[in-house]
Amino acid sequence: MPEEERSLVGWSRVADSPEMLETIKKQKRSAMGCAFVFALLFPVGFLIAGLFSDEMPLSEALTIGVGLGLFVLTINLWRFAGMDKRAWDGVVVKKLEKRHYKRAEDGYNESYIEYIVLIRTDQGKTKRIVERKWGRDMYDYLDVGDRVRYHPALETYEKYDKSKDDVIYCNVCRRRNPIRNNRCDYCKNLLFK
Ligand SMILES: [Zn+2]
């Protein structure tokens with residue numbers, strides 16, 4: 001695709017480009033590899049603990065280790081299944097801040113704020129993007145009324161009309177780039193525009 005033809009209004013064709021499909025495939029392969037290694041660490045770790053610690057019988061250690069490993073694996077497989085779903089489109093209908101309190105051990109109440117973007121999909125469902133203060137990129141990037149597409153394979157969002165923006169978020173590594181970029185400064189992947 002000639003880069004100068006890319007418009008700032010409309011869904012990007014980058015998502016379906018051979019290069020991006022290849023990137024998605026590679027990312028998924030390495031994420032799956034990590035998930036299996038990570039899941040395997042639990043039984044191995046508890047096996048070692050069971051062998052060398054007097055406080056934990058080996059059988060108990062193995063049961064816990066295998067249990068935790070399977071638990072982590074299940075969560076990851078569930079996540080990977082979500083990545084195969086189709087993209088959905090919607091409109092931002094509301095942005096809100098929600099303060100949460102949690103009791104800290106020293107008796108003081110700690111609080112944190114969740115930044116929530118509510119999106120009404122074309123199918124009539126409501127989706128939420130929930131972020132915290134230091135990662136509230138989408139909360140600042142999206143406005144009420146914006147049309148948004150979710151790319152499940154990358155678990156990131158794309159704005160339909162990027163023409164008024166100075167920045168664009170990389171759909172692969174999620175970092176912020178100047179809108180004039182065609183490739184991400186950090187991971188060098190094509191930006192969705
Ligand atoms: Zn990037």
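(A) Molecular detail of the coordination of the zinc ion. Ligation of the zinc ion by protein atoms is provided by C170 (SG), C173 (SG), C184 (SG) and C187 (SG), these donors lying 2.2 to 2.3 Å from the ion. Between the 4 donor atoms coordinating the zinc ion, the angles at the centre fall across 103 to 116 degrees, so the site counts as tetrahedral. Coordination of the zinc ion draws on donor residues from a single chain, spaced C-x2-C-x10-C-x2-C in sequence. Taken together, the residues C173 in the loop between β6 (167-169) and β7 (176-178) and C184 in the segment after β7 connect sequence positions 11 residues apart. Owing to a relative accessible area of 27%, C173 belongs among the partly exposed residues under this scheme. When its relative accessible area of 1% is taken as the criterion, C184 is described as buried.

(B) Structural context of the nonpolar core. In this structure, M20, V117, I119, I129, M138, L142 and Y157 are the most contacted members of the largest nonpolar core, which totals 27 residues. Among the secondary structure elements, those contributing two or more residues to this core are α1 (18-52), β1 (88-103), β2 (109-121), α3 (137-141), β4 (147-151) and β6. Apart from residues no more than four positions distant in its own chain, M20 is found in contact with V14, A15, L154, V172, N189, L190 and F192.

(C) Examining unusual backbone geometry more closely. The phi angle at E155 is positive, at roughly 60 degrees, despite the residue not being glycine. Among the structural elements, E155 can be located in the loop between β4 and β5 (156-159). A positive phi angle, close to 75 degrees, is found at R174, a residue other than glycine. Residue classification places R174 among the partly exposed residues on the basis of a relative accessible area of 45%.

(D) Region of the structure containing the packing of aromatic side chains. Per the stated rule, a full pass over the model turns up 7 aromatic pairs. Here Y141 and Y169 contribute two aromatic rings whose centre-to-centre distance is 5.2 Å and whose plane-to-plane angle is 70 degrees, an arrangement assigned as edge-to-face. Of this pair, Y141 sits in helix α3 while Y169 sits in strand β6, placing them 28 residues apart in sequence. For Y169, a relative accessible area of 8% translates into the label buried. An angle of 45 degrees between the planes, with centres 4.9 Å apart, marks the rings of Y150 and Y157 as tilted. Given the relative accessible area of 16%, Y157 is considered buried.

(E) The side chain of S12, seen in detail. Note that S12 resides in the segment before α1. By relative accessible area, which is 7% here, S12 ends up buried. One polar contact links the side chain of S12 to the main-chain amide nitrogen of V14, over a distance of 3.0 Å. Here K193 takes part through its backbone nitrogen, which lies 3.2 Å from a polar atom of the side chain of S12. With near-sequence residues (within four places) excluded, S12 lies in contact with E158, K162, L191, F192 and K193.

Definitions and cut-offs
- Residues numbered from 1 in each chain as written.
- Predicted model: local features only at pLDDT ≥ 70, side-chain atom pairs only at ≥ 80, totals over all residues.
- Heavy atoms only, no water.
- Donors = N, O, S within 2.8 Å, 3.2 Å for Na, K, Ca; no water.
- Tetrahedral: all angles 85-135°; square planar, octahedral: opposite > 155°, others 65-115°.
- Helix = DSSP H or I, 4+ residues; strand = E, 2+ residues; numbered from the N terminus.
- Buried < 20%, exposed > 50% of the residue type's maximum accessible area, 1.4 Å probe, protein only.
- Core = buried A, V, L, I, M, F, W, Y, C linked by side-chain atoms within 4.5 Å.
- Contact = heavy atoms within 4.5 Å.
- Phe/Tyr/Trp six-rings, centres within 6.5 Å; stacked < 30°, edge-to-face > 60°.
- Polar contact = N/O pair within 3.5 Å; in protein donor to acceptor, adjacent residues only side chain to side chain.

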